[in-house]
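# Fold and geometry: a report
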Amino acid sequence: MAKVTFNNKNSVFYDSLKTRVDAYFKENHLKRTGNFHLFFKALVLIPAAVGVYYTLVFIQPAVIPSLLLCIVLGLTLASIGFNVMHDACHGSYSSTKWVNDVMSLSLNFLGGNAFIWKMKHNVIHHTYTNVDGVDDDIAKMPLIRQCSSQKWMPAHRYQHWYSLGIYALSSFLWIMVMDYMKYFSKKVYTTPINNIPVREHVIFWISKILYIGFYIALPIYMVGFLPWLTGFFVMHGALGLTLAIVFQLAHVVEDVSFVDANAPVVKIEDEWAIHQVKTTADFATNNKLISWFVGGLNFQIEHHLFPKISHVHYPAIRLIVKDVCDQHGIKHVDYPTMGSAINSHFRFMKFLGKK
Ligand SMILES: [Zn+2]
């Protein structure tokens, strides 16, 4: 792994930003963690997922309604990931630690692993965002090329088409392949996981076995192999596509930057916070429905600057961030609609696919 450093000696930008954001919470007497709106989301989404699962496995509607319900299940699980798991794993869901710890396990309920995620996402992705050679989120070579420092291959000419298929398989590969690779290699891409406590080994295996029991064995027993196989991949298609697209729109679009860290030592000239703004984009921030569904992940710049603040506060914080960016002459990339961000992502993928 490359040794990557930021120019944090004179962090004027972050200092002024932090002063303004601290003042906002103080003046409005607000906690930085989640509020009733966030707890309400968990109260809606988790029972909805359990209800859809119960209907599919035990009530067993006809084929077309079942397939539609599999899509609904995939979308609901994605929304639990965005709204509950993501905040909880950052410690911003609640001001009480054990509530965050318990809600983090919603990722295990989805099939993943909260301990590995915190290493991959909180530590690596949030520090070394878009740093090629370190950030696991843009490490999909040789399948897809996500920045110009990655080696070009002829198949990449078509990546703006076939990447959709890879995105649709992404949650299946995450749960069934990548988690095990990270666990057994004790590595997240190029970063070693130095210590996995015994408790985490136990949680890893119990939740993976429960996943196989509830998402594979029990449905096969109840509905039969082929109906399960079809439903399982339809559900993963909806889940994977949704998760991948939302994460791609934040960092792999035309107007953000990347850093090549395929060298032993890399010095980034910007302070860490400026690097976060330059490598990240917002989208559809005026769309209340999208903001609700993606758990504020459309406010990614604000999230990357303040990952320990719950997403329920990002609309207010965004105004401060934009203002401080203007004062410091830093571009705040903001796509007005989700459609414009999706277009930008696939145009960028097509551009990277050209030799
Ligand atoms: Zn995050």
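Let me sum up the structure you'll find in this document. (Residues numbered from 1 in each chain as written. Predicted model: local features only at pLDDT ≥ 70, side-chain atom pairs only at ≥ 80, totals over all residues. Heavy atoms only, no water.)

Here the focus is helix α4 (residues 97–104). When α4 is considered as a whole, its buried residues turn out to be Asn-100, Met-103 and Ser-104. Buried positions in α4, seen along its axis, are confined to an arc of 105 degrees and lie on one side of it. Along its buried surface, α4 packs onto α2 (36–59), α3 (63–90), α5 (106–110) and α6 (114–127). (Buried < 20%, exposed > 50% of the residue type's maximum accessible area, 1.4 Å probe, protein only. Helix = DSSP H or I, 4+ residues; strand = E, 2+ residues; numbered from the N terminus. Arc of directions from axis to C-beta. Contact = heavy atoms within 4.5 Å.)

A separate point is helix α14 (residues 338–353). When the terminal C-alpha atoms of α14 are compared, their 23 Å separation across 16 residues agrees well with the 22 Å that a helix rising 1.5 Å per residue should span. Among the residues of α14, Ala-341, Ser-344, His-345, Phe-346, Phe-348, Met-349, Leu-352 and Gly-353 are the ones counted as buried. Taken together, the buried residues of α14 touch α7 (159–185), α9 (225–251), β7 (282–283) and β8 (334–335). (Expected span 1.5 Å × (residues − 1).)

With that settled, the discussion passes to the pattern of salt bridges. Under the definition given, this model contains 15 salt bridges. The closest approach of N and O atoms between Asp-136 and Lys-182, which form a salt bridge, is 3.3 Å. Placement of Asp-136 in the loop between β2 (131–132) and α7 and of Lys-182 in helix α7 is noted, with a sequence separation of 46 residues between them. Comparing Asp-136 with Lys-182 shows no difference in burial state: the two are buried. Here Lys-208 ties to Asp-179 by a salt bridge, and the two come within 2.9 Å at their closest N and O atoms. Taken together, the positions of Lys-208 in helix α8 (residues 198–223) and Asp-179 in helix α7 put the pair 29 residues apart, joining distant regions of the chain. On the accessibility criterion, Lys-208 (2% relative accessible area) is buried. (Salt bridge = Lys/Arg side-chain N within 4 Å of Asp/Glu carboxyl O.)

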